[in-house]
Each structure stands twice: as structure tokens, then as C-alpha cells.
Amino acid sequence: MTGTIAPRRARGRTAARRAVLIGWLFTIPALLAYIGFVVYPLLTGVQYSFYRWNGVGPSEWVGFANYLRVFTDPDLLGSIGNAFVLIVFFTAIPVSAGLVLANLMRSMRPGPFSTVSQTILFLPQIIPLAAAGIAWSWMYAQTGAVNQILGAVGLGGLARPWLGDFQTALPAVGLIGSWVLTGLCTVLFLTGIGKIDSSLYEAIRLDGAGWLREFTTITVPGLRQEISVLVTITVIAALSSFDIIYTTTLGGPGRSTLVPGISIYRIGFTQSDVGLASAFGIVLMVLVLACVLPLQRLAKVSDR
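Residues numbered from 1 in each chain as written. Predicted model: local features only at pLDDT ≥ 70, side-chain atom pairs only at ≥ 80, totals over all residues. Heavy atoms only, no water.

(A) The overall build of the chain, seen in detail. A count of helical and extended segments in the chain gives 13 helices and two strands. Over its C-alpha trace the chain gives a radius of gyration of 26 Å, far above what one expects of a compact globule, namely 19 Å for 304 residues. Along the first, second and third principal axes, the C-alpha set of the chain runs to 95 × 75 × 30 Å. Residues counted as buried form 37% of the 304 residues belonging to the chain. Intrachain contacts of the chain at a sequence separation of at least 6 include 66% that bridge at least 24 residues. In the form shown here, the chain has an accessible surface area of approximately 17,700 Å², with 69% of it arising from carbon and sulfur atoms. Separation between the mean location of the 20 positive side-chain charges and that of the 12 negative ones in the chain comes to 16 Å. (Helix = DSSP H or I, 4+ residues; strand = E, 2+ residues; numbered from the N terminus. Rg over C-alpha atoms; globule rule 2.2 N^0.38 Å. Buried < 20%, exposed > 50% of the residue type's maximum accessible area, 1.4 Å probe, protein only. Contact = heavy atoms within 4.5 Å. Areas by Shrake-Rupley, 256 points an atom, 1.4 Å probe, with all protein chains shown as cover. Lys, Arg positive; Asp, Glu negative; His and termini not counted. Charge placed at Lys NZ, Arg CZ, Asp CG, Glu CD.)

Pasting the structure below:
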């Protein structure tokens, strides 16, 4: 009996080692790609951030001078402030609107109208952000669709070059982000609502609850995970925004729509200050992590 068990154990250990080896063979290519395209550039950026370098000539060690400039330059601090303002448009509006739209669409009967509605809402997510920015810049123009619609409904006095006005440029750009992300939020919330036990809705209706209590008591708590994921995605999109700003305003007028992504691009490729651009990029990465990690931890705590 003992002589039979020993070979079985040996074969089991061999099979386990073979499974581990096969797992590493599948993992190593992805791991090498991650190291080559993420870890190595990150470490290189950290190295560059301690130097004054134009990308071509000799570099000069400056220590933390680049980081000090990031936290003392009013223009760079202003771009960070603009990114936090965009969180309202990229996160608060799409997530709130997605919750409401998903709750309304849940009550629709399955059919062509429901399918078309979901497709139309999700369509902006498919369009490249650069193309969306160009299209909206045409609509925001003095003779664009937005001002024409305002004139048609008797609000022509509000017409203006929305992207050229210091007061309206940042909100106008933010609304483009809201338009793009609302469809994603709605579709993901619809998927999440489909996982909620329908008997919960039936029970609360038997108690005579209205739609508001049903929404706040069952729908929102049941979508905690989806809300956490979407808040994380949209906060990152707001803080690292580039495409929409680049294709609509390039950070203007003045610096009213300047965001960290555009600032890093200008510093690195226009002003040829690779060290400062790298330092600002590292600061932006830390800022994104400082915003996202607490959100993830809060979501885990609420799930418990």
C-alpha cells in the first residue's frame, strides 16, 4: 500500500510543478511587456525628474528643484485646480445622470425602443475623444449649433463663443466629458440593476413605497460596486484629461482650461524641459493614486 501511495504523491508533485511552470510561461510575456512599457518608463521618469535636461544636451543634477517648482508655480497649480473642477463634470454629473437614466430605463419593456435608447446613450463612448472634441468645438462656435438652438428658443442673448470665453470655457469642456461618460455609466448601471433580486422590488412595492424610496433603498445600495468602479474610472479620466482639451482649447483662452496633461506636454515638447515635465508627471501620478486609493478602500469597507 505504501509503495502505491508514494508514486502517486510523486506524480502529484510533478503535475503541480508542471502547472506552475506552465503558468509562468503564460505570465512571463505579459510581465516583460509590463516591465518594459510601464515600470521602466516610470523609473526613468523618476530619474529625469531630478535633472535639468532639454532632452538632447548634457543634463544637470538639480535635486528636488523641479518638484519645488511644481508646487510653487501658479500656472502649474492652476492646472491642477482645473483638473479638480473637471471631476464635477467627469464624475458627479455622469454618475448621477447614469443612475437616474438606468433606473428609468429599467422600467421600460424590453424591445426595440429600449435597445435603441441604450445604443444612443453608449454611442459617445465609442467615438474617439479627439473626434468628439473637434465636433463639439464646431457646435460651440459663435455660429455653431449650440448658439443656433439658443436663438431658436428665444435665448439668443446667452449666445457666445463658449470655448473662447474665460468664464465658460472650462464648464463647456467639462460638459463634453459629461456627454461622453454618461452613456458608459448608464449601461454599467443597467447591468448592475439586472443583478439585483427582483423580489426586493416587489416586496417594497407591496409595502406601498414610491419610486424614490425604491431608488434610495434598493437600487443605490445594490449598485455600490458599480458606483465605486465608475467613480474610480471617471476621477482618473478627469485628472489625466488630455484629448478633449487638446482638440478644443489647447488650454486656452489664456490658461482657463489648462490641465496637467496639457502642461506636461507643453513643458516637455514645447519648452524642452524634460526634467520639469517628468516631475510634474510623477506628481500627477501620486495625485491620482491619492484620490483613487481612498475611494477603493471606502468601497471595500462599505461592502463589508
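(B) Representation of the packing of helix 3 (residues 74-106) against helix 10 (residues 224-239). Packing of helix 3 against helix 10 leaves a shortest axis separation of 8 Å and a crossing angle of 150°. The angle between helix 3 and helix 10 falls in the class roughly antiparallel. Helix 3 and helix 10 meet at a crossing whose hand is right-handed. Residues A83, F84, L86, I87, F90, T91, V95 and L99 of helix 3 pack against I227, L230, V231, T234, V235, A237, A238 and L239 of helix 10. Looking at the contact of helix 3 with helix 10, its residues break down into 14 nonpolar, two polar and no charged. (Axes fitted to C-alpha atoms, helices over the stretch in contact; angles between N-to-C directions. Parallel < 35°, antiparallel > 145°, perpendicular 65-115°, else oblique. Left-handed = near helix turned anticlockwise from the far one by under 90°. Nonpolar A, V, L, I, M, F, W, Y, C, P; charged D, E, K, R; others polar.)

(C) Structural view of the environment of V288. With respect to the element layout, V288 can be found in helix 13 (residues 274-303). Residue classification places V288 among the buried positions, given a relative accessible area of 14%. Residues V288 and P253, spaced 35 residues apart in sequence, show a C-alpha to C-alpha distance of 26 Å. When near neighbours in sequence (up to four residues on either side) are disregarded, V288 contacts I236 and L239.

(D) Main features of a nonpolar patch on the surface. A cluster of nonpolar side chains, namely V20, W24, I28, L31, L32, Y34, I35, F37 and V38, defines an oily patch on the protein surface of about 920 Å² accessible area. With respect to the helices and strands, the residue L32 is situated in helix 1 (residues 2-48). (Patch = residues over 30% accessible without salt bridge, like charges linked within 9 Å, V, L, I, M, F, W, Y side chains within 5 Å. Salt bridge = Lys/Arg side-chain N within 4 Å of Asp/Glu carboxyl O.)

(E) Region of the structure containing helix 12 (residues 260-270). Turning to helix 12, its buried residues are P260, G261, I262, S263, I267 and G268. Just downstream of helix 12 lies S272, where phi reads positive at about 55°.

(F) Spotlight on unusual backbone geometry. With omega at -5°, the peptide bond leading from G252 into P253 counts as cis. Its location among the elements puts P253 in the loop between helix 11 (243-248) and helix 12. Its identity is not glycine, yet L250 carries a phi of approximately 55°, on the positive side. Of note, L250 is situated in the loop between helix 11 and helix 12. For L250, a relative accessible area of 42% gives the class partly exposed. Positioned with a positive phi, S272 is a non-glycine residue whose angle comes to about 55°. Mapped onto the secondary structure, S272 falls in the loop between helix 12 and helix 13. Residue S272 is classed as partly exposed on the basis of its relative accessible area of 31%.

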